[in-house]
Each structure stands twice: as structure tokens, then as C-alpha cells.
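# Structure at a glance
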Amino acid sequence: MDLHFTADEPTASEVEAVDAVLGAADSRWFGGQRVDRSEAQTSESGHRTAGRRHLLLPVLHAIHGRVGWISRGALNYACKRLDVPPAEAYGVATFYDMFSLEQAPPVVARVCDDIACQAKGAGDLCAGIEKVMGPAGGGQVSRCGWVRSPCLGQCERAPAVLVTASGERPWASVIAPATAQTVEAACSEDSQTDSPQVRDSVPQAGQASLQLLRRVGSPDAQSLADYRSDGGLRAWELALEQGPEWVIEQVERSNLVGRGGAAFPTGRKWRAVAQASGPKYVVCNADESEPGTFKDRVLMEGDPFAVVEAIMIAAFATGSQRAYVYVRGEYPDATERMRYAIAELESAGLLERACPIEIRRGAGAYICGEETALFNSIEGFRGEPRNKPPYPTDSGLFGRPTLVNNVETLANILRILQQGGAAFAAVGTERSSGPKLFCLSGHVAMPGVYEVPFGATVRELIELAGGVSGTGRLQAVLVGGAAGAFLGPDELDAPFTFEGMRAVGATVGSAVVMPFDDSVDLGAVLLRIAEFFRDESCGQCVPCRVGTVRQEELLERLRSGQPIGTLDHEHRLLREVSQVMRDASICGLGHTAASAVDSALERFPIFQEATR
Amino acid sequence: MSDQSLADAPDLTVPVPPGPVPSAPVRERRPEVELSVDGQLVSVPEGSTLLDACRQCEIDTPTLCYVETLTPVNVCRVCVVELEGSRTLVPACSRKAEPGMEIRTDTERVRLSRRMVLEFLASSTDVTQSPELCGYMESYGADPERYGERDAQAESKTQPVKVDNELYVRDYAKCVLCYKCVEACGEDAQNTFAIAVAGRGFDAHIATEFDVSLPESACVYCGNCIGVCPTGALVFKAEHDLRERGEWDASRQESTDTICPYCGVGCTLSVQTQDNQIVKVTSPLDQEVTSGNLCIKGRFGWQFTTGPSETSDDVAADGE
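Residues numbered from 1 in each chain as written. Chains lettered and ligands numbered in written order. Predicted model: local features only at pLDDT ≥ 70, side-chain atom pairs only at ≥ 80, totals over all residues. Heavy atoms only, no water.

Turning next to the overall build of chain B. On a plain count of helices and strands, chain B comes out with nine helices and 12 strands. For chain B, buried positions account for 52% of its 320 residues. Considering only contacts in chain B between residues 6 or more positions apart, those separated by 24 or more positions represent 53%. Only carbon and sulfur atoms are counted for the fraction: they give 50% of the accessible area of chain B, which is about 16200 Å². (Helix = DSSP H or I, 4+ residues; strand = E, 2+ residues; numbered from the N terminus. Buried < 20%, exposed > 50% of the residue type's maximum accessible area, 1.4 Å probe, protein only. Contact = heavy atoms within 4.5 Å. Areas by Shrake-Rupley, 256 points an atom, 1.4 Å probe, with all protein chains shown as cover.)

The subject of this paragraph is the interface of chain A and chain B. Contact with chain A, which involves 56 residues of that partner, is made by 50 residues of chain B. Summing the contributions of chain A and of chain B, the shared interface buries around 4400 Å²; its carbon and sulfur component is 57%. Connecting chain A to chain B are five salt bridges. Seen at the junction of chain A and chain B, the total is 23 residue pairs in polar contact (both at pLDDT 80 or more). The set of elements that each furnish at least two residues to the side of chain A that touches chain B consists of helix H5 (72–82), helix H6 (86–93), helix H22 (522–536), helix H23 (542–559) and helix H24 (567–584) of chain A. In terms of residue count, the dominant contributor to the side of chain A that touches chain B is H24(A) (10 residues). For the side of chain A that touches chain B, the residue count by class is 24 nonpolar, 16 polar and 16 charged. (Buried area = accessible area lost by both parts, 1.4 Å probe. Salt bridge = Lys/Arg side-chain N within 4 Å of Asp/Glu carboxyl O. Polar contact = N/O pair within 3.5 Å; in protein donor to acceptor, adjacent residues only side chain to side chain. Nonpolar A, V, L, I, M, F, W, Y, C, P; charged D, E, K, R; others polar.)

Take the sheet that holds strand E3 (residues 161–165) of chain A next. Residues and elements named next belong to chain A. Strand order in this open sheet of four strands is E2-E1-E3-E4, and the pairing throughout is mixed. Here the strands that pair on one side only, and so sit at the sheet edges, are strand E2 (144–149) and strand E4 (171–175). Sheet twist, expressed as the average angle between the axes of neighbouring strands with direction ignored, equals 20°. Pairing geometry for E3 and E4, over five bridges, is antiparallel. Paired with Leu-162 across the bridge in E4 is Val-174. Running at roughly 160° to E2, helix H8 (residues 122–133) makes contact with strand E1 (107–112), E2 and E3 of the sheet. (Pairing = 2+ DSSP bridges. Axes fitted to C-alpha atoms, helices over the stretch in contact; angles between N-to-C directions.)

Moving on to the pattern of salt bridges. In total, this model carries 61 salt bridges over all chains according to the counting rule given. A salt bridge links Asp97(A) to Arg200(B), with the nearest nitrogen and oxygen atoms 3.2 Å apart. Residue Asp97(A) is located in the loop between H6 and E1, and its partner Arg200(B) is located in the loop between strand E7 (196–198) and strand E8 (205–207); the two belong to separate chains. On the basis of relative accessibility, which here comes to 41%, the residue Asp97(A) falls in the partly exposed class. Taking the shortest distance from any N to any O, the salt bridge between Asp598(A) and Arg582(A) comes out at 3.6 Å. Of the two residues, Asp598(A) is situated in helix H26 (residues 595–603) and Arg582(A) in helix H24; the sequence distance between them amounts to 16 residues. Exposure remark for Arg582(A): the relative accessible area of 37% places this residue in the partly exposed category. Ionic contacts of the salt-bridge type, sharing partners, join the residues Asp113(A), Asp114(A), Arg148(A), Arg528(A) and Glu531(A) into one network.

Turning our eyes to something else, we now look at the domain arrangement of chain A. Residues and elements named next belong to chain A. Taken as a whole, chain A is organised into domain 1 (12–93), domain 2 (107–196), domain 3 (224–425), domain 4 (434–515) and domain 5 (522–603). Of the roughly 870 Å² buried between domain 1 and domain 3 on both sides combined, carbon and sulfur atoms contribute 56%. The three residues of domain 1 that bury the most area against domain 3 are His-54, Leu-57 and His-61, which together make up 59% of that side's buried surface. Scanning the region where domain 1 abuts domain 3 turns up five residue pairs in polar contact (both at pLDDT 80 or more). Considered class by class, the residues forming the side of domain 1 that touches domain 3 number five nonpolar, three polar and two charged. (Domains from an automatic or database assignment.)

All names here are of chain B. In this structure, Ser-291 sits in the loop between strand E12 (277–282) and helix H8 (296–300). Judged by relative accessible area, which is 31%, Ser-291 ranks as partly exposed. As for Ser-291 and Asp-38, which are separated by 253 residues in sequence, their C-alpha atoms are 32 Å apart. Excluding residues that lie within four positions of it along the chain, Ser-291 makes contacts with Thr-69, Pro-284 and Leu-285.

When a protein is soluble and globular, its nonpolar side chains tend to lie buried together. If you look at the biggest cluster of nonpolar residues, it comprises 233 residues, and the most contacted ones within it are Tyr96(A), Trp270(A), Ile313(A), Phe486(A) and Tyr168(B). With residues up to four places along the chain from it excluded, the contact list for Ile313(A) reads Ala235(A), Trp236(A), Ala239(A), Val247(A), Trp270(A), Ile413(A), Leu414(A) and Leu417(A). Val257(A), Phe454(A), Phe498(A) and Val508(A) belong to the second largest nonpolar core, which has 26 residues in total. (Core = buried A, V, L, I, M, F, W, Y, C linked by side-chain atoms within 4.5 Å.)

A word on the sheet that holds strand E12 (residues 485–487) of chain A. All names here are of chain A. Reading across from one edge, E10-E9-E13-E11-E12 is the order of the five strands in this open sheet, with mixed pairing throughout. Of all the strands in the sheet, the pair left with one neighbour each is strand E10 (448–453) and E12. Averaged over all adjacent pairs, the angle separating strand axes in this sheet is 30°, with direction ignored. Across three bridges, strand E11 (residues 474–479) lies against E12 in antiparallel orientation. The residue of E12 that forms the bridge with Leu-478 is Phe-486.

Residue and element names in this part refer to chain B. Considering the arrangement of structural elements, one finds Leu-83 in strand E3 (residues 80–83). Overall, the relative accessible area of 8% leaves Leu-83 in the buried class. Residues Leu-83 and Leu-50, 33 residues apart in the sequence, show an inter-C-alpha distance of 9.9 Å. Residue contacts for Leu-83: discarding those within four places in its chain leaves Val-90, Arg-95, Met-101, Glu-102 and Ile-103.

Another point: the domain arrangement of chain B. Residue and element names in this part refer to chain B. Segmentation of chain B into domains returns domain 1 (31–151) and domain 2 (155–319). On a C-alpha basis, the centres of domain 1 and domain 2 stand 27 Å from each other. Every contact between the two is made by 16 residues of domain 1 and, on the other side, 20 residues of domain 2. Together, Thr-69, Leu-70 and Gln-129 form the three largest contributors to the area buried by domain 1 at its contact with domain 2, with a combined 35%. For Asp-126, the salt bridge identified is with Lys-174, shortest N-O distance 4.0 Å.

Here it is, written out as C-alpha cells:
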């Protein structure tokens with residue numbers, strides 16, 4: 001490609017960071033040694049580099065981790081090495097929240113002010129941090145800065161803060177629950193602060209009935225030898241023994257449906273990809289970013305070998321060439337443990353009969369959890385969803401048939417193979433089979449991930465987590481996530497199953513159960529949800545790009561008691577905004593950006609008065 | 001050469017026997033797909049889109065981000081139609097026709113979505129120089145006023161007009177983010193990749209790397225982005241200046257088709273003039289040679305028609 005670059009040059013550390021991913025430059029064009037013979041005849045472009053565009057995101061991460069921001073010179077160098085037009089790379093870099101294109105402090109505290117953390121004092125935390133660290137975003141460049149962040153997926157230990165630091169050895173610390181003092185202390189450290197124990201996120205830990213969470217919190221979760229002696233890799237061995245066809249049959253018989261939110265039958269995906277010919281891929285979607293959701297993080301931190309084993313089985317059953325695990329950028333511990341588990345299995349020679357598995361880190365974009373946006377992100381493009389059809393099983397990652405499954409979905413595979421698909425299908429209800437993880441946060445006494453066979457009601461789940469905390473008087477429960485729905489206190493007997501939720505106009509979504517007590521200003525919660533979708537819309541299609549903004553403005557007008565025209569007019573407008581987003585957006589983000597707000601306005605008497 | 005191969009060589013005195021006269025392979029007719037549009041059965045060639053089917057039925061379907069010469073990106077969503085069995089509406093411009101599909105184009109749902117999309121665009125951008133969009137707004141009864149005056153314009157929308165070269169200007173207050181310019185600059189036409197979409201959500205905007213000016217960027221001034229811009233966000237500097245002075249007057253303009261005098265390709269130029277001065281040059285989209293695309297010379301290099309001036313020297317320098 002004939003590219004044009006500005007005159008900006010990279011610094012030595014920026015070159016070092018890029019070279020650490022791509023290897024040293026082998027020609028003078030990139031600042032390497034001149035080799036007369038080869039340079040007269042070859043250039044590092046064409047097919048050789050075109051095949052490396054997928055390294056753009058890892059390269060941007062490397063630069064950012066080293067110097068804390070992406071300068072013009074650094075972007076130029078990355079683009080030269082990868083043969084990517086700088087305008088496109090700029091478009092990619094500006095897509096992600098965790099990348100700064102201006103000089104930024106080397107240490108940044110990302111303070112969650114999303115709904116679960118709000119219910120647990122994020123407002124006070126932000127005020128406290130402002131006192132000790134100055135205003136958010138901070139104008140001048142100092143050592144530490146802080147920014148407000150959408151949900152960090154640490155809701156069970158809210159309020160949560162993620163501290164990221166760049167440098168020769170970049171690190172990231174999770175501080176949860178956080179206070180202004182612990183955040184300040186973590187920011188002044190030179191290395192990672194110890195993370196909270198994952199065992200504490202699973203109040204049921206140690207109970208014999210657990211399947212998916214059985215090993216979470218066991219001290220040997222990080223050792224392959226212990227994993228094996230504890231029955232690990234048995235499903236993998238069964239798969240090898242019985243062959244791909246048997247595996248897919250079991251998955252089909254299990255009636256397992258995807259746990260990421262869309263509830264698509266998993267067996268159908270596996271079958272379709274297995275039947276496709278040519279190169280194909282497995283993608284484990286670990287970009288869990290739905291506000292209130294942290295179950296996949298707990299699985300990856302608590303039992304990483306099980307997740308990787310399931311990926312191996314998926315690759316073997318579908319005959320895939322390569323597997324990717326796309327972990328959200330805000331999950332440093334999960335990333336590290338998954339990386340370690342993959343490396344251990346690889347050095348034990350166990351990936352040979354499966355396929356190579358690679359970790360890719362997101363960089364702060366909720367939309368990249370949408371499967372086609374995730375493919376674009378891995379490929380080195382902006383994380384904008386693609387129009388469907390074609391579906392991933394026909395044309396997914398790199399345009400090839402791709403099996404994409406959520407972490408929890410994959411974790412179920414081990415049980416299915418060990419118990420048999422039919423036995424798995426017998427657990428739960430007829431239409432919602434198997435064990436299920438639920439994320440309880442907000443006003444519950446014992447927040448955390450709970451494992452229950454499908455069929456439990458919302459009330460039973462809340463009781464399992466110790467009942468409503470705070471004032472003890474329940475006002476509303478958000479189920480399914482920010483893209484889910486609010487239920488009133490009179491709807492708690494609805495079973496949390498696909499059919500049960502549908503009956504009350506809600507969805508299982510990512511199995512969030514977030515009760516709010518009667519002290520919570522529900523209007524403020526709705527506004528925060530609207531703000532979340534406005535921030536996270538990719539901006540590609542008009543209904544979502546503008547609709548999420550108009551929705552937020554409307555709620556703000558209603559909340560401040562300053563409607564344009566009559567209240568009726570404003571409510572009608574809100575319904576129309578909601579409908580165009582649901583009907584005409586490209587992807588699920590737009591389709592569901594209004595569902596929580598709609599459900600709340602249907603059920604609760606909020607925003608019904610002209611003045612507050 | 002060995003003796004053996006000499007012996008094998010054809011004897012030039014013997015005429016080569018006549019073979020079949022080569023001819024272009026007969027193009028097989030694509031199989032047809034039958035579907036129903038607003039209750040009317042219609043048959044379109046396989047691979048056609050729902051938009052093709054609608055057009056065949058002479059149903060007026062609004063489009064903004066779609067143009068025949070570029071890959072459909074289906075981002076504006078103004079062409080959505082109702083498809084039986086689909087939970088959401090589908091974009092007509094990119095959805096392929098399948099046998100047995102049942103399409104509705106004039107339901108309440110379709111009209112609402114189209115009207116809202118138009119309102120959304122008009123409430124956040126300056127659409128006054130897009131007669132097409134204004135026409136759709138009228139027919140769908142769009143009322144952008146109901147979002148109030150103080151409502152957000154995207155950051156990129158409030159930036160001043162970018163005038164950084166003598167050939168064309170970029171006024172992103174008029175940009176509806178249809179992606180056409182990006183496609184025309186990139187793989188669909190020019191392969192220059194000087195611009196791309198940057199930022200996210202409501203702040204998404206078209207930009208060069210780090211928003212550098214066009215002369216610092218990879219831009220080659222082919223102007224193919226101007227050729228596809230539906231809202232006047234990208235215009236010739238000549239047009240921009242005339243509009244600024246209030247002298248742009250479409251009623252005094254004529255368009256004349258001619259062939260570009262520069263090289264041997266033979267691109268058709270549509271030369272737009274006002275008061276005998278060239279104000280804009282385009283090429284018809286359906287023109288076989290150009291598909292609407294030109295190069296810097298054909299698009300901008302017409303100052304010689306009005307004799308030497310300071311401007312023409314500047315242009316020559318920029319074009320180098």
C-alpha cells in the first residue's frame with residue numbers, strides 16, 4: 001500500500017514497545033539496519049504485512065502500556081510496520097476509552113460510577129477522590145490522574161476502581177471496595193496491589209452442589225497438576241476418545257443455549273461450523289461489559305483451566321485452526337490467569353490436538369462484546385458491528401466460519417460431556433436447561449455470583465443472597481443488565497428462566513439481579529443507564545448514534561421538570577425514540593438501549609410531574 | 001537450440017488450419033428470485049437487494065448512505081423495510097432478496113423509523129444543502145424542532161468550516177456520517193485512505209490522522225469524496241466561496257457534458273457553469289469509464305479556460 005505519513009517520529013521507547021510485539025525492524029525504512037541486497041528488491045508490505053493488521057490492537061496496547069498515550073510518532077511507526085493507513089489507525093485508536101491520544105498521566109485511576117457502584121456510594125467515592133487527586137480528567141500532566149468509568153465488572157465488591165499504570169513494566173490493580181485513601185495509596189505504588197480474593201465473590205464456595213463454580217476459590221486453581229488430579233481434562237479426554245461427532249451430538253442434546261444474552265442454541269452453532277470447510281475459528285467472548293455482570297470474570301479468575309479446556313474441545317469438535325479469547329481490557333487478573341493457563345497447557349503439549357489459542361485484550365468498548373464488532377476489533381478495525389446476515393457461522397472472523405461462545409456457555413460444555421447431553425438437559429426447566437450463574441449486586445446482603453439450576457424465581461435468588469439490604473425495603477430489581485428490564489416488588493415470583501422472564505416482559509440477558517432499596521432515586525438510575533448507552537454507542541447507525549443522545553436529553557428534561565411542551569408530548573417522543581432504536585438499529589446495543597428505561601416508566605410513577 | 005527442436009517447429013509454408021473464431025462467452029442469465037413487495041409479486045435476478053426489488057416495483061425508497069457505485073454500508077437506516085418473520089426492520093439497500101420474502105414498505109412502523117431517522121439527522125446537523133433529504137423530511141412529516149433548540153450537536157458538528165487548501169472545503173456541520181467519502185477515498189475507489197471515521201458514538205466524525213490538515217495528510221485531491229457527499233459537507237472551494245458571497249444561484253447554472261482533455265482515458269466530465277465560469281465538475285455515476293470518479297486534473301484543473309491568474313499557479317503548485 002502506498003501510504004503517506006506526517007513527519008512525526010517515534011521515541012526510542014515507543015519503537016521498543018512496538019518491536020516487542022512485532023519483532024525488530026529488518027529494514028532501514030523502519031529505522032533498522034540497512035541491508036543493501038534485500039532492500040533493493042523487497043519491501044515490507046503487500047501480503048506479508050496485510051496479513052498482520054490484526055496486530056494493530058496489540059501494538060496500540062503495547063505503546064499505551066509503555067508510555068501511557070499514543071503519540072503521532074508512535075502511530076506513524078505502528079502504521080509503517082503494519083502497512084495500515086494512519087487515518088484508519090487513528091480511527092481505531094480513538095474508538096477505545098482506555099487509549100489516550102493526548103499526553104496523559106502514567107497512572108490513571110478508573111473510578112466506576114455505574115449503577116451498581118452508585119448504589120454502594122460511588123458518588124461519595126468520586127467526591128473523595130476529587131478532594132485528594134483534583135478534578136477528573138485533570139488538565140495538567142502529573143503522575144496520577146483519574147477518570148469516571150462505566151461498569152468495571154466488580155459489582156459484588158462495589159464501589160470499584162481500576163488503576164492502570166504505564167512504564168517499562170505496566171501494571172493494573174483492582175481496588176474494590178475502594179475508598180479515596182486506598183485508591184490514592186494504590187496510585188502511588190510502583191507495582192500491582194494485591195487483588196481481592198475471587199473466593200469472596202462466590203458466597204456459595206465449597207458447597208457440594210456446585211458444578212460451574214466447584215473449583216472457584218480452591219487454592220490450586222492456578223496449577224495444571226492440581227487441575228488434572230481434581231478431574232480436570234476428563235472432558236477433553238472423553239472428546240478425543242469419542243470424536244467430534246459425539247461431542248456435537250451431546251451439545252445438541254443438552255439444549256444448551258448461549259449465556260451471553262442472545263440465548264441461541266449452542267449445538268446449532270457447533271454443528272454449522274463443524275460442517276463448514278476451509279479455515280475456521282473459535283472465539284471465546286470474554287468481553288463481559290454489561291453493567292452488573294461479573295460471572296465470566298469470576299470463572300476466568302477462579303477456574304481458568306476449565307475455560308481453556310472447553311475452548312480446546314470446541315476447536316477439536318469444529319475442526320478449527322485457531323482460537324481467540326477476547327478478554328475485556330478492564331480485567332487484568334482474568335487476562336493474566338487465562339494467559340498462564342494457556343501457556344501451561346501448551347507447554348504440556350496438550351494444545352497440539354486442539355489448536356493454538358491466543359488472548360486478545362479489549363480496550364474499553366462495551367460494543368466489542370457484540371460478536372461481529374468483536375471480530376472487527378480482533379481484525380484491527382473499529383469495533384463496529386456488521387450487518388447480519390451473514391451470520392458468524394458462515395462469515396465471521398477474517399470472513400471465515402467462526403464459532404463464537406460466551407465464557408459461561410463454554411464452561412457448561414465440560415459438564416455436558418461428563419454427564420451426557422441428556423442428563424444436562426434434565427436439569428433446570430424444559431426450555432431453560434442446565435445450571436446457571438447469576439450476578440447479584442446492588443442492595444443485597446451478600447453480593448456475588450450464585451449458581452442455581454434454571455427455575456429459581458427472582459425472589460429466591462435475592463433470598464439466596466441474604467435478602468434486600470440497605471433500608472431493607474425493595475423498590476425495584478433490574479434483571480438481565482442495563483439492556484434488561486426493571487421489575488417491581490410484586491413480580492418477584494417470576495422464574496428467572498428464558499420463558500419466565502419473557503412472560504413478564506424481561507429477558508435473562510447476562511443474568512443480572514440488581515435490587516434497589518427505596519432510598520434510591522430511580523430517576524437517577526435511569527439517567528445513568530441512558531448515559532451509559534450514549535457513551536457506548538459505536539456511532540455507526542443513525543437510530544442509535546442520535547437516539548441514545550436524545551433519550552438521555554429527554555430523561556434529563558423530565559427529571560429537571562422542564563419538558564418541551566406537555567409531559568404527554570415528551571413521553572410520546574420518548575416512546576418513539578425507543579421504537580426507532582429497537583426497530584432500525586444495526587445491532588443489539590441499539591435494539592435494547594431503551595428497554596430498561598421503557599420497563600421502568602411502565603411500572604413506576606416516575607417523571608409524571610411537570611416540576612419536582 | 002538443438003536440432004531436435006528445429007525439426008519439431010511448424011513449417012511456416014503450411015497454412016495454419018482455421019480454428020473456431022473466438023467470441024465472448026455468453027453471459028448466462030442469473031436465476032430469478034421471487035418475492036412479494038407490498039403484496040405485489042416481483043421477480044428479481046439472484047443477488048439483487050430489496051432496494052432493487054422496491055425500485056423495480058416503482059416504490060420510492062429513500063436512501064442517504066447508499067449509492068450504486070459503493071459497497072452498501074447500511075448505516076443511515078432510512079431505507080428500512082418490514083420483513084415478514086424478522087423481529088426488527090431490515091435495510092433494503094444491503095439485504096439480499098430471498099425467495100418467498102414478504103416485504104412491506106409503507107407500514108406505520110416503517111414510516112415511523114424513517115421519519116425519526118430524518119428528524120435525528122436534521123436535529124443534529126445542518127441539512128439545508130441537501131435537497132434530497134429535505135424532500136424526504138417533507139414527505140415523511142419529520143419535525144426536528146420537537147427536540148428543542150438547546151439539544152446537543154455533536155462536537156464535530158460545531159467545528160468551523162475547514163478551509164485548508166484551494167480546491168475543496170470540508171464543512172462537517174453538514175456531515176450525516178454516511179461513510180460514503182471514506183469508502184470513496186478507500187477501497188471502493190481511490191485507495192488513498194486519507195480519511196476515516198474517528199471517535200465513537202455521537203462524537204464519531206470523519207478525520208485524517210490526528211485531524212491534520214489535508215495538505216499534511218495522504219489526500220491526493222481526486223475529489224471523489226465530493227462526488228458522493230449527499231449533504232454538501234464536502235464542496236468545491238469555488239462553490240463554497242460563491243455561497244459565502246451569496247452569489248451561488250442554481251437557476252443561472254448549466255451543465256455540459258464533455259470529455260476530459262488531459263489524458264487518453266476519456267472520462268466524461270459534467271461541467272457546471274454559472275455566468276460562463278466553471279463552478280463544479282463531476283462525472284456521471286453511470287458512466288462506464290469513471291463510475292463517477294475523476295482525478296485531480298479532470299476535477300479541478302480547469303482554470304486554463306479562464307486564462308492565467310494567481311489562482312491557477314497555486315493550484316498547479318498544490319497539485320505537484
